[in-house]
Amino acid sequence: MHHIKTIEGQLDAKELKFAIIAGRFNDFIVDKLVGGAVDYLARHGCSKDNLTIIKVPGAFEMPVVAQRLAAKGGFDGIICCGAVIRGSTPHFDFVANECAKGIAHVSLQYSLPIGFGVLTTDTLEQAIERAGSKGGNKGVEAASAVLETVRVVEQI
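Residues numbered from 1 in each chain as written. Predicted model: local features only at pLDDT ≥ 70, side-chain atom pairs only at ≥ 80, totals over all residues. Heavy atoms only, no water.

The next thing to look at is helix H5 (residues 138-153). Taking 1.5 Å of rise per residue, the 16 residues of H5 would be expected to cover 22 Å, and the 22 Å separating its terminal C-alpha atoms lies within 8% of that figure. Along H5, the residues classified as buried are Gly-139, Ala-142, Ala-143, Val-146, Leu-147, Val-150 and Arg-151. Down the axis of H5, the sector holding all buried residues measures 160°, keeping them to one side. (Helix = DSSP H or I, 4+ residues; strand = E, 2+ residues; numbered from the N terminus. Expected span 1.5 Å × (residues − 1). Buried < 20%, exposed > 50% of the residue type's maximum accessible area, 1.4 Å probe, protein only. Arc of directions from axis to C-beta.)

Encoded structure:
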């Protein structure tokens, strides 16, 4: 019987450096996402000295900042935390789509794991649920996904 090689990422953040890009828009929600990401990384061995939080106006501005960070180097992964809440106009769709596409583009362009902790919800209540109440915390999920991906990519 042949052995199938499996590559998995250990959830160990020791010695890794992360940038967290945080949108100011809906900051009372975003602060909970960032807090969740920071707490998760710290619990998995990341020193707070190896964390940098960069504040941007909102989700639309995240891709260009992620691109600059990736180009400059020095980070093992980036976590984007934001909250885009649907209003009564199509503005939501443009912001949410461009943010997601831009972040995915940067991640692929630089082969750098980037976590998408950007909430895209219909209501404020849904955002609150996903920022630490009933629906878990998307900042924690994004940090976990980035950490695991960093540890997988370094083995390939």
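Text resumes after the structure shown.
This next bit is on helix H3 (residues 91-110). An α-helix turns once per 3.6 residues; consequently, residues spaced three or four apart project the same way. With 20 residues, H3 should reach 28 Å at 1.5 Å per residue; the first-to-last C-alpha distance of 29 Å fits that figure. Residues Phe-92, Val-95, Ala-96, Cys-99, Gly-102, Ile-103, Val-106 and Ser-107 constitute the buried set of H3. For H3, the angular spread of buried residues about the axis comes to 140°, placing them on one side. The outward face of H3, more than 90 degrees from its buried face, is lined by the exposed residues Phe-94, Lys-101 and Leu-108. On its buried side, H3 packs onto helix H2 (62-72), strand E3 (77-85) and strand E4 (114-121). Of the residues trailing H3, Ser-111 is marked for its positive phi of about 50°. (Contact = heavy atoms within 4.5 Å.)

Let us now look at the pairing of strand E1 (residues 18-23). In terms of burial, E1 is largely enclosed, as 6 of its 6 residues are buried. Alternating positions in E1 separate into two faces, Phe-18, Ile-20 and Ala-22 on one and Ala-19, Ile-21 and Gly-23 on the other, with burial throughout. Pairing of E1 with strand E2 (residues 51-56), which is carried by 6 bridges, proceeds in the parallel orientation. In the strand pairing of E2, Gly-23 is matched with Val-56. What joins E1 to E2 is helix H1 (residues 27-43), and the crossover it makes is right-handed. In the sheet, E1 pairs with E3 via 5 bridges, with the strands oriented parallel. (Pairing = 2+ DSSP bridges. Right-handed = clockwise from strand over helix to strand, strands pointing away.)

So, about the nonpolar core. The nonpolar side chains of soluble globular proteins are, as a tendency, buried together. Ranked by internal contacts, the top residues of the largest apolar core, which has 26 residues, are Phe-18, Leu-41 and Ile-79. Broken down by secondary-structure element, the contributors of at least two residues to this core are E1, H1, E3 and H5. Top contributing element to this core by residue count: H1, with 8 residues. When neighbours within four sequence positions are excluded, Phe-18 is seen to be in contact with Ala-13, Leu-41, Cys-46, Asn-50, Leu-51, Thr-52, Phe-75, Gly-77, Ile-79, Val-146, Leu-147 and Val-150. Listed in part, the 20 residues of the second largest apolar core include Ile-54, Ala-70, Val-95 and Ile-114. (Core = buried A, V, L, I, M, F, W, Y, C linked by side-chain atoms within 4.5 Å.)

This brings us to the packing of H1 against H5. Taken N-terminus to C-terminus, the directions of H1 and H5 make an angle of 40°; their axes are 7 Å apart at the nearest point. Classified by the angle their axes make, H1 and H5 are oblique. When you trace H1 past H5, the crossing you get is right-handed. For the pair formed by H1 and H5, the contact residues are Leu-33, Gly-36, Ala-37, Tyr-40 and Leu-41 on the first element and Lys-138, Gly-139, Val-140, Ala-143, Ser-144 and Leu-147 on the second. Taken together, the residues of the contact of H1 with H5 sort by class into 7 nonpolar, 3 polar and 1 charged. (Axes fitted to C-alpha atoms, helices over the stretch in contact; angles between N-to-C directions. Parallel < 35°, antiparallel > 145°, perpendicular 65-115°, else oblique. Left-handed = near helix turned anticlockwise from the far one by under 90°. Nonpolar A, V, L, I, M, F, W, Y, C, P; charged D, E, K, R; others polar.)

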